[in-house]
There are 2 protein chains.
Amino acid sequence: MKTIDKLQIVNKSGKFICVGLDTDPKKIPHHLSSSKNPVVEFNRQIIEATKDLAAAYKLNLAFYESVGIKGLENLEETLSFIPDDVITIADGKRGDIGNTSKMYAQSIFEHFKFDSATLNPYMGRDSLDPFLDYMDKLNFILVLTSNPGSSDFQKQRLHSGNYLYQEVLQKIGEWNKAKNCGIVFGATNLSELKDNIQNIGDLPLLIPGVGAQGGNLLDTATTLFANDKNFFLINVSRGIIQKSFGEDFADAARNELIALNNTISGIISL
Amino acid sequence: MKTIDKLQIVNKSGKFICVGLDTDPKKIPHHLSSSKNPVVEFNRQIIEATKDLAAAYKLNLAFYESVGIKGLENLEETLSFIPDDVITIADGKRGDIGNTSKMYAQSIFEHFKFDSATLNPYMGRDSLDPFLDYMDKLNFILVLTSNPGSSDFQKQRLHSGNYLYQEVLQKIGEWNKAKNCGIVFGATNLSELKDNIQNIGDLPLLIPGVGAQGGNLLDTATTLFANDKNFFLINVSRGIIQKSFGEDFADAARNELIALNNTISGIISL
């Protein structure tokens, strides 16, 4: 199934939260340290406790690569726990010259079989094309990120009048011939989201920055629904997977996800 | 030893060529296909034949990641063949929010022990800081890349008058407090290199795009030396490692590297 169709199905069933599996080996509950593979056991229990409620899982590639080969083994094993009807996102923010981006796309979409990837647009269209060539996948391209450094370049005003991130947004709209593009727009930039929402068109959104980074779920989701954007994922990583560091971490993650889903269904029912 | 000191030593000994180990499993000479590990055997022979003449080896992470775990094993084994006095560059163009960039930096500098990395500046300063915190390493940040897509955003003119890539260059100069930054500037953009060379200051350059992508070694190196830039690496990947697909591939790589080094010493002696 095309990832975009999968997204439509999860969104229509009221699921909008993407669980970020930014699993930091140093922040795993103590009682798991004696298990054969604490990272995998942690992810397994989190997925088991949340898979009927999550729209997607975003695996932050850095957290797996940080320990080399072992990390990629953990990544593969973690992916095996995720049911087919939940979207998987490889969050690596890749982007390189054509023959290199082709290799990254091969790694993410063919080797690891992710449904979706995050991409960095700085190197322009031909750096993204090898990903866009996978018609059935979904490519979330950075527009305006959630971190303070989004001001350094993304919010530079261009000679044409647009800010850089607006130019990127416009170009993605033009490049989205196969309807397999989406955008990354940080929840910490809510006023920019409001100002630009009419230019997003039918591009699905991946929204990081809720929770630890300061973005607000209620305000973000309210803004989206109020503007007929019903096609999005709001990522929460630490807010879910680090809700408890005790033996109840998986239950705590589930309860937090239920609370987040309730916040969203509360907005929908208004 | 600090990578920047290592660079000074290799450059002073007349070595400016970085050999790009973009090893494509599909383009390895046929006679190696029966060896236990063709990619590693190919890299081993290339390194053996070129290590006394190369300033650096750039390992394009995508080419290794494309086959998953096996690829990281190949990466580790390849690194073990490279002598300490030759610079190693992890070419991954990474860049993410702080806690994530920290994990990438840990992977590249601590786990794999590379001397140097390439970084993408789109997400701004805090996305680069975890790399810049490694004082002894060298961080080549993308300014103007060698691919056609460098026109899409990097060459957009800002309201302030600068092009985006010029703004990035200026910011890198300001952020380079620990003298552990360098820049990536594509050889295909020679006129921009000439126009901006006075603003590069003492930032070392990593220059891709010579050969298969259309950049010219003689013109690029002449421009640099003529402007007292003696602190740089010019990367050649396919032009060296794919010089021959026959049994003589390693000799052919060595001969090509000798020819490239001669081109450069010819300019220096003028």
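Everything in this summary refers to the structure shown in the same document. (Residues numbered from 1 in each chain as written. Chains lettered and ligands numbered in written order. Predicted model: local features only at pLDDT ≥ 70, side-chain atom pairs only at ≥ 80, totals over all residues. Heavy atoms only, no water.)

What to know about helix H2 (residues 38-50) of chain A
Residue and element names in this part refer to chain A.
Link 1 in the chain: Here H2 is 13 residues long and its end C-alpha atoms lie 18 Å apart, about the 18 Å a rise of 1.5 Å per residue gives.
Link 2 in the chain: Here H2 has its buried residues at Val 39, Val 40, Phe 42, Asn 43, Ile 46, Ile 47, Ala 49 and Thr 50.
Link 3 in the chain: Close packing links the buried residues of H2 with strand S1 (17-20), strand S2 (56-60), helix H3 (61-65), helix H4 (69-80), helix H10 (238-241) and helix H11 (249-268). (Helix = DSSP H or I, 4+ residues; strand = E, 2+ residues; numbered from the N terminus. Expected span 1.5 Å × (residues − 1). Buried < 20%, exposed > 50% of the residue type's maximum accessible area, 1.4 Å probe, protein only. Contact = heavy atoms within 4.5 Å.)

Focus on the relation of the copies chain B and chain A
Link 1 in the chain: Take chain B, turn it by 180 degrees, move it 0.0 Å along the axis, and it overlays chain A with an RMSD of 0.0 Å. The superposition operator between the copies reduces to a two-fold rotation axis.
Link 2 in the chain: Of the interface residues in chain B, 100% have counterparts in chain A that sit at the interface too, so the contact is made through matching surfaces. (Least-squares fit on C-alpha atoms with pLDDT ≥ 70 in both.)

Quick look at the interface of chain B and chain A
Link 1 in the chain: In this assembly, 60 residues from chain B lie in contact with 60 residues from chain A.
Link 2 in the chain: For the pair chain B and chain A, the summed buried area comes to about 5,200 Å², and 58% of that belongs to carbon and sulfur atoms.
Link 3 in the chain: Interface area lost by chain B to chain A is led by Met 103, Tyr 122 and Phe 153 of chain B, which between them contribute 17%.
Link 4 in the chain: Applying the counting criterion to the chain B and chain A interface returns four salt bridges. (Buried area = accessible area lost by both parts, 1.4 Å probe. Salt bridge = Lys/Arg side-chain N within 4 Å of Asp/Glu carboxyl O.)

Comments concerning helix H5 (residues 98-111) of chain A
Link 1 in the chain: Here H5 of chain A is 14 residues long and its end C-alpha atoms lie 18 Å apart, about the 20 Å a rise of 1.5 Å per residue gives.
Link 2 in the chain: Following H5 of chain A by one or two positions, Lys 113 of chain A adopts a phi angle in the positive range, close to 60 degrees.

A look at unusual backbone geometry
Link 1 in the chain: Even without being a glycine, Lys 179 of chain A presents a positive backbone phi close to 55 degrees.
Link 2 in the chain: Position of Lys 179 of chain A among the secondary structure elements: in the loop between helix H7 (164-175) and strand S6 (181-185).
Link 3 in the chain: Residue Lys 113 of chain B is not a glycine yet carries a positive backbone phi of 60 degrees.

Remarks on the sheet that holds strand S8 (residues 232-236) of chain A
Two modes of strand pairing occur in sheets, parallel and antiparallel, and in both the strands are linked by backbone hydrogen bonds.
Residues and elements named next belong to chain A.
Link 1 in the chain: Ordered in space as S1-S2-S3-S4-S5-S6-S7-S8, the eight strands form a closed barrel in which the pairing is parallel. For this sheet the average axis-to-axis angle between neighbouring strands, irrespective of direction, equals 30 degrees.
Link 2 in the chain: The pairing of strand S7 (residues 205-207) with S8 spans three bridges and is classified as parallel. Within S8, the residue paired with Leu 206 across the bridge is Leu 233. (Pairing = 2+ DSSP bridges. Axes fitted to C-alpha atoms, helices over the stretch in contact; angles between N-to-C directions.)

Looking at the pattern of salt bridges
Link 1 in the chain: Inspection of every chain in the model, using the stated rule, returns 30 salt bridges over all chains.
Link 2 in the chain: Lys 93 of chain B is the partner of Asp 96 of chain A in a salt bridge, and the nearest nitrogen-oxygen pair spans 3.0 Å. Separated into two different chains, Asp 96 of chain A in the loop between strand S3 (87-94) and H5 and Lys 93 of chain B in strand S3 (residues 87-94) make up a pair that spans both.
Link 3 in the chain: By relative accessible area, which is 2% here, Asp 96 of chain A ends up buried.
Link 4 in the chain: On the accessibility criterion, Lys 93 of chain B (8% relative accessible area) is buried.
Link 5 in the chain: Because the salt bridges share partners, they merge into one network encompassing Lys 58, Asp 91 and Lys 93 of chain A together with Asp 96 of chain B.

Side note on the sheet that holds strand S6 (residues 181-185) of chain B
Residue and element names in this part refer to chain B.
Link 1 in the chain: Ordered in space as S1-S2-S3-S4-S5-S6-S7-S8, the eight strands form a closed barrel in which the pairing is parallel. Taken pair by pair, the neighbouring strands of this sheet meet at an average axis angle of 30 degrees, ignoring direction.
Link 2 in the chain: Strand direction decides the pairing type here: S6 and strand S7 (residues 205-207), joined by two bridges, are parallel. Each bridged residue has a counterpart across the sheet, and for Val 184 the counterpart in S7 is Leu 206.
Link 3 in the chain: Relative to S3, helix H1 (residues 3-12) is tilted by about 120 degrees, and along the sheet it contacts S3, strand S4 (116-119), strand S5 (138-144) and strand S8 (232-236).
Link 4 in the chain: Against the sheet, helix H7 (residues 164-175) makes contact with S5 and S6, and its axis sits at roughly 155 degrees relative to S5, the strand it touches most.

Observations regarding the packing of H4 of chain A against helix H4 (residues 69-80) of chain B
Link 1 in the chain: Where H4 of chain A contacts H4 of chain B, the two axes come as close as 9 Å, and the packing angle between them is 175 degrees. One way to sum up the angle between H4 of chain A and H4 of chain B is to call them roughly antiparallel. Residues Ile 69, Leu 72, Glu 73 and Glu 76 of chain A of H4 of chain A form the contact with H4 of chain B, whose own contacting residues are Ile 69, Leu 72, Glu 73 and Glu 76 of chain B.
Link 2 in the chain: Across the contact of H4 of chain A with H4 of chain B, the residue classes break down as four nonpolar, no polar and four charged. (Parallel < 35°, antiparallel > 145°, perpendicular 65-115°, else oblique. Nonpolar A, V, L, I, M, F, W, Y, C, P; charged D, E, K, R; others polar.)

Regarding the pairing of S4 of chain B
All names here are of chain B.
Link 1 in the chain: In S4, alternate side chains face the same way, and those of Ser 116 and Thr 118 on one face and Ala 117 and Leu 119 on the other are all buried.
Link 2 in the chain: Here S3 pairs with S4 via three bridges, running parallel. Considered in S4, the bridge of Arg 94 is made with Leu 119.
Link 3 in the chain: Considered for its hand, the β-α-β crossover made up of S3, helix H5 (residues 98-111) and S4 is right-handed.
Link 4 in the chain: Relative to S5, S4 runs parallel, the two being bridged by four bridges. Each bridged residue has a counterpart across the sheet, and for Ser 116 the counterpart in S5 is Leu 138.
Link 5 in the chain: Handedness of the crossover joining S4 and S5 through helix H6 (residues 125-132) is recorded here as right-handed. (Right-handed = clockwise from strand over helix to strand, strands pointing away.)

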